[in-house]
Amino acid sequence: MRYGLSELNWELVFSLVIASAIVAYIGDILGMKLGKKRISLFGMRPKYTSRFITVVTGVSIALVTLFVMAVASDTVRVALFNMKYIQREISNLTAELSKSRSELENLQIDLFKSQAELSEKERQLQKVEKDLAENLDKLRQVEEEVARLNDKARELEADKRKLSDELEEMKKERDNLESQIAELKAQAAELRENLEKVKEERILVLAGELLTQMPIDPASAKDLEIGDAISKLKENARLVLSLRTGLRPEAIDLRIDEGELEDALKQIRESKGRKVIRLEVATNAVVGEKIDCVVSVHDSVKIYASGEVLVSEVFLKPLSEEEAEIELYNLLRQVNLKAQRDGILPDPISGTVGNLEATEFFDAVEKLSNTTPPFKVNVIAATDTYTEGPVRVKIEVD
């Protein structure tokens, strides 16, 4: 490449010429003065001192030239101070360029391979698109099946919630049963304790046992008569226990809480309707112990009139004595359940509302077994029956 004179940096050239001339002039003057004065530097002879100054002047010219060029040109400054670094960078860049060329060649080879693979993939894509088109119907069928399964899942979820609710109910029932079991265990422990006590001594009364009861009409009775009724109730209870144990009535000690007794009397006095007073045993007691009693007051109304049919059943085939006994027993059990539903107070211990004499029962059994079917059996109230009972019945066969 050719450059013209106009391309030269004339300012730099003139600066170098002027700076060199000034340094040479100063060196020459300094050398002449030192030569005339015969000055010796560093122990050298004046001749050698003049030469030394000339050398220093030349070196100074070179240094000044380099300094001016470095100040005036960035290129010269970089070439002076960073030449080795630039050479290393050129070497590294040359190596990287070679490496990049190799990579470019490899990439071109990979490009050719990729184009071949792309053609293969396009062929495979066409095949996949064909398969996809064939599977669209299957996909729609699957979606329909999924929708059906989702509906089924919702139904199962609803069943699950229902089962969960039922499980909660069962847990509650289990908790209730566990509490009942705990109560039964406590009762069993109490019964075992009472049994041990019974083994040691003769038990007189059981907790909850009904000793006696008495109806009172507050409308026609006065306070004095009501108090006498309570006393009469206690006397009847002593008489019942005396007949049971053979003890004298006055030897049997009945104890009633005064506050409880006052509450019972207050209920009777404040009521205008017929009442029944019941005297029940509070706790088990053996012979010789005091018997704690509870007084309870209940409304007393007529439940059944005399001659009222309580239960009836028609039989279409003959009955043997065993069958007649079973059927009659079932009828009496129906009477017992009906009476309790209708409001008859049952015996706290046995749960019954009345009884039938054994002779009457077996007479009825005999009549049922000897009657030709069809026939109808009626269980009829023998007398007017009030809330306190007992239910007295008679059996008629039509």
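Just so you know, these numbers come straight off a predicted model, no measurement behind them. (Residues numbered from 1 in each chain as written. Predicted model: local features only at pLDDT ≥ 70, side-chain atom pairs only at ≥ 80, totals over all residues. Heavy atoms only, no water.)

With that settled, consider the overall build of the protein chain. Check the secondary structure of the protein chain and you find eight helices and eleven strands. The contacts in the protein chain between residues at least 6 apart in sequence include a share of 70% that link residues at least 24 apart. Accessible area of the protein chain: about 28,400 Å², with a carbon and sulfur share of 56%. (Helix = DSSP H or I, 4+ residues; strand = E, 2+ residues; numbered from the N terminus. Contact = heavy atoms within 4.5 Å. Areas by Shrake-Rupley, 256 points an atom, 1.4 Å probe, with all protein chains shown as cover.)

Let us now look at the environment of Y25. For Y25, the location among the structural elements is in helix 1 (residues 10-36). With 32 residues separating them in the primary sequence, Y25 and T57 have C-alpha atoms 9.2 Å apart.

Next up on the list: the packing of helix 7 (residues 321-342) against helix 8 (residues 358-370). It is at 9 Å that the axes of helix 7 and helix 8 come closest, and there the two elements cross at 125°. As far as their axial angle goes, helix 8 and helix 7 are oblique. Helix-helix and strand crossings are classified by hand; for helix 7 and helix 8 the assignment is right-handed. Listed contacts from helix 8 to E321, A324, E325, L328, Y329 and L332 of helix 7 are F361, A364, V365, L368 and S369. Per-class residue counts for the contact of helix 7 with helix 8 are eight nonpolar, one polar and two charged. (Axes fitted to C-alpha atoms, helices over the stretch in contact; angles between N-to-C directions. Parallel < 35°, antiparallel > 145°, perpendicular 65-115°, else oblique. Left-handed = near helix turned anticlockwise from the far one by under 90°. Nonpolar A, V, L, I, M, F, W, Y, C, P; charged D, E, K, R; others polar.)

With that out of the way, let us pick up the sheet that holds strand 11 (residues 393-397). Pairing in this open sheet of three strands is antiparallel, and the strands run 8-9-11 from one edge to the other. Both edges of this open sheet fall to strand 8 (309-315) and strand 11, since each of them pairs with a single strand only. Neighbour to neighbour, the strand axes of the sheet diverge by 15° on average, direction disregarded. As paired elements, strand 8 and strand 9 (residues 375-381) share six bridges and run antiparallel to each other. Following the sheet pairing, F315 is matched in strand 9 by F375. Packed onto the sheet, helix 7 meets strand 8, strand 9 and strand 11 and runs at close to 150° relative to strand 8. In the packing of helix 8 onto the sheet, the strands contacted are strand 9 and strand 11, and the crossing angle to strand 11 comes to about 15°. (Pairing = 2+ DSSP bridges.)

Our focus in this paragraph is helix 6 (residues 258-270). With 13 residues, helix 6 extends 18 Å between its outermost C-alpha atoms, agreeing within 8% with the 18 Å of an ideal straight helix rising 1.5 Å per residue. Those residues of helix 6 lying buried are L261, A264, L265 and I268. Down the axis of helix 6, the sector holding all buried residues measures 95°, keeping them to one side. (Expected span 1.5 Å × (residues − 1). Buried < 20%, exposed > 50% of the residue type's maximum accessible area, 1.4 Å probe, protein only. Arc of directions from axis to C-beta.)

Per-residue confidence for the protein chain gives a mean pLDDT of 78, with 78% of residues at or over 70. Across the protein chain, the secondary-structure element scoring lowest on mean pLDDT is helix 3 (residues 74-81), at 60, and the one scoring highest is strand 9, at 89. (pLDDT = per-residue confidence, 0-100.)

A few words now on the sheet that holds strand 6 (residues 291-299). Strand order in the open sheet made by the four strands is 2-4-6-3, with mixed pairing throughout. Either end of the sheet is taken by a strand with one partner, and the two such strands are strand 2 (210-216) and strand 3 (254-256). With direction set aside, neighbouring strand axes in the sheet form an average angle of 30°. Direction of pairing for strand 4 (residues 275-281) relative to strand 6: antiparallel, over a ladder of seven bridges. In the strand pairing of strand 6, V281 is matched with C293. Sitting on the sheet, helix 6 is in contact with strand 2, strand 3, strand 4 and strand 6, with an inclination near 15° to strand 6.

On to a nonpolar patch on the surface. A cluster of nonpolar residues, L132, L136, L139, V142 and V146, forms a patch on the protein surface that exposes about 420 Å² of accessible area. Along the polypeptide, L139 turns up in helix 4 (residues 83-200). (Patch = residues over 30% accessible without salt bridge, like charges linked within 9 Å, V, L, I, M, F, W, Y side chains within 5 Å. Salt bridge = Lys/Arg side-chain N within 4 Å of Asp/Glu carboxyl O.)

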